[in-house]
Amino acid sequence: MAELKQRLAKLLFEKSYKEGDFTLASGKKSDYYFDCRQTALHPEGAWLIGNLFYELISSLENVAEVKGVGGMTLGADPLVSSTSVISYEKGGHLPALIVRKQPKGHGTGQGVEGLANFEEGDVVVMLEDVVTTGGSVITAIERIEASGLKVSCICAVLDRDEGGREALAERGYNLVSIFDRKELVALATS
């Protein structure tokens, strides 16, 4: 997995990591911006992310309980899709859920897509591209749990180490990430 992680770091650094003066979704100012979608929508990037997330999930203590993966649209759409496909390729079964920012205004009015692949009480792992304060993933967790599912932990491509891990822990959730900024930059530039 070390080779896959280094390949992903290099691709993320090339396509998704920018230094400068940015305002994040949380409203915080930052000297870098991480747009994981650019890499997650690239074929190699999707394959690498799916494999690394699948390995993270496979290493969880409660892996036998995990029935799928979910995340907030738009950032998590390619993450949950690639992880679900990789799980199938490796003989597993992790269907995906997508949490809408707003419930549909027509049809069934769903706020969470993919529920037909789950039963009430099933355990899912949330996938995130980047965690800063944890706000968007907390919203997604609340919607998943309101749909009758349980969330066991959150897996992120990048933990910015800016309070998100602690905010999630306060609510009883563990955050596992592929990278933090320091590791991403070190692997990408080595």
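Predicted model, so just to flag it, every value in this text is computed and none were measured.

Peer 1: Mind showing me how you'd approach helix α5 (residues 135-146) here?
Peer 2: An α-helical segment advances 3.6 residues per turn. Residues three or four places apart therefore align on the same side. The terminal C-alpha atoms of α5, which comprises twelve residues, lie 17 Å apart, in line with the 16 Å expected from a rise of 1.5 Å per residue. In the core, the buried residues of α5 are packed alongside β3 (66-72), β4 (96-99), β5 (112-113), β6 (123-131), β7 (150-159) and α6 (164-170).

Peer 1: I'm lost on the packing of aromatic side chains in this one. Help?
Peer 2: Each aromatic ring pair is described using two quantities: the centre-to-centre distance and the angle formed by the ring planes. Counting across every chain of the model gives three aromatic pairs. Here Phe-13 and Tyr-17 contribute two aromatic rings whose centre-to-centre distance is 4.9 Å and whose plane-to-plane angle is 20°, an arrangement assigned as stacked. Owing to a relative accessible area of 27%, Phe-13 belongs among the partly exposed residues under this scheme. Summarising the aromatic geometry, the rings of Phe-22 and Tyr-33 are spaced 5.6 Å apart at their centres and angled 35° between planes, so their arrangement reads as tilted.

Peer 1: In this structure, what is going on with the nonpolar core? I would like to understand it.
Peer 2: Across soluble globular proteins, nonpolar side chains show a tendency to be buried alongside one another. With 36 residues, the main nonpolar core has Phe-53, Ile-57, Leu-127, Val-157 and Phe-179 as its most contacted residues. The element best represented in this core is helix α3 (residues 43-58), accounting for seven residues. Apart from residues no more than four positions distant in its own chain, Leu-127 is found in contact with Phe-53, Ile-57, Val-69, Gly-70, Gly-71, Ala-76, Leu-79, Val-80, Thr-83 and Cys-155. Counting residues in hydrophobic clusters, the runner-up holds 20 residues, among them Val-99, Val-112, Leu-149 and Leu-168.

Peer 1: Which parts of the structure should I look at to understand the packing of helix α1 (residues 2-15) against α3?
Peer 2: Any two packed helices are characterised by how steeply their axes cross, that is the angle between the axes, and by the distance between the axes. At a minimum axis distance of 10 Å, the contact between α1 and α3 shows a crossing angle of 135°. One element, α1, and the other, α3, form an angle in the oblique class. For the pair α1 and α3, the crossing hand works out as left-handed. From α1, Leu-4, Lys-5, Arg-7, Leu-8 and Leu-11 reach across to α3, where they touch Glu-44, Gly-45, Trp-47, Leu-48, Ile-49, Asn-51 and Leu-52. Its residues assigned to classes, the contact of α1 with α3 shows seven nonpolar, two polar and three charged.

Peer 1: So what exactly am I meant to see when it comes to the pairing of β3 here?
Peer 2: For a regular strand, the rule is simple: side chains alternate between the two faces of the sheet. Most of β3 sits inside the fold, with six of its seven residues counted as buried. In this structure, β3 lies alongside β6, joined through four bridges in parallel fashion. In the strand pairing of β6, Val-69 is matched with Val-125. Pairing of β3 with β4 involves four bridges; the strand directions are parallel. Residue pairing in the sheet places Gly-71 in a bridge with Ile-98 of β4.

Each value, and the rule that gives it
- The residue numbering used here restarts from 1 in each chain and proceeds along that chain's sequence as written.
- Owing to the predicted nature of the model, reporting of local features is limited to residues with pLDDT of at least 70; listing and counting of side-chain atom pairs is limited to 80 or more, with chain, interface and lining totals taken over all residues.
- Think of the side-chain values as coming from all heavy atoms in the structure, minus any hydrogens and water.
- Secondary structure elements follow DSSP: runs of H or I no shorter than four residues count as helices, runs of E no shorter than two count as strands, and numbering proceeds from the N terminus.
- To estimate how far a helix should extend, the number of its residues minus one is multiplied by 1.5 Å.
- Throughout, a residue-residue contact means that at least one pair of heavy atoms, one from each residue, lies within 4.5 Å.
- Pairing of aromatic side chains requires ring centres within 6.5 Å, counting the rings of Phe and Tyr and the six-membered ring of Trp. Pairs whose planes differ by under 30 degrees are stacked, by over 60 edge-to-face, and all others tilted.
- Accessibility here uses a 1.4 Å probe with only protein chains present; expressed as a share of the type maximum, an area under 20% marks a residue as buried, one over 50% as exposed, and anything in between as partly exposed.
- Nine residue types can take part in a nonpolar core, namely buried Ala, Val, Leu, Ile, Met, Phe, Trp, Tyr and Cys, and a core is a set of them joined through side-chain atoms within 4.5 Å.
- Axes here mean lines fitted to C-alpha atoms, for a helix over just the part in contact, with angles spanning 0 to 180 degrees between N-to-C directions.
- What sets the label is the angle itself: under 35 degrees gives roughly parallel, over 145 gives roughly antiparallel, 65 to 115 gives roughly perpendicular, and the rest give oblique.
- With the far helix as reference, a near helix turned anticlockwise by less than a right angle produces a left-handed crossing, and one turned clockwise produces a right-handed crossing.
- Classes in brief: Ala, Val, Leu, Ile, Met, Phe, Trp, Tyr, Cys and Pro nonpolar; Asp, Glu, Lys and Arg charged; the others, Gly included, polar.
- Any two strands between which DSSP finds at least two bridges are classified as paired.

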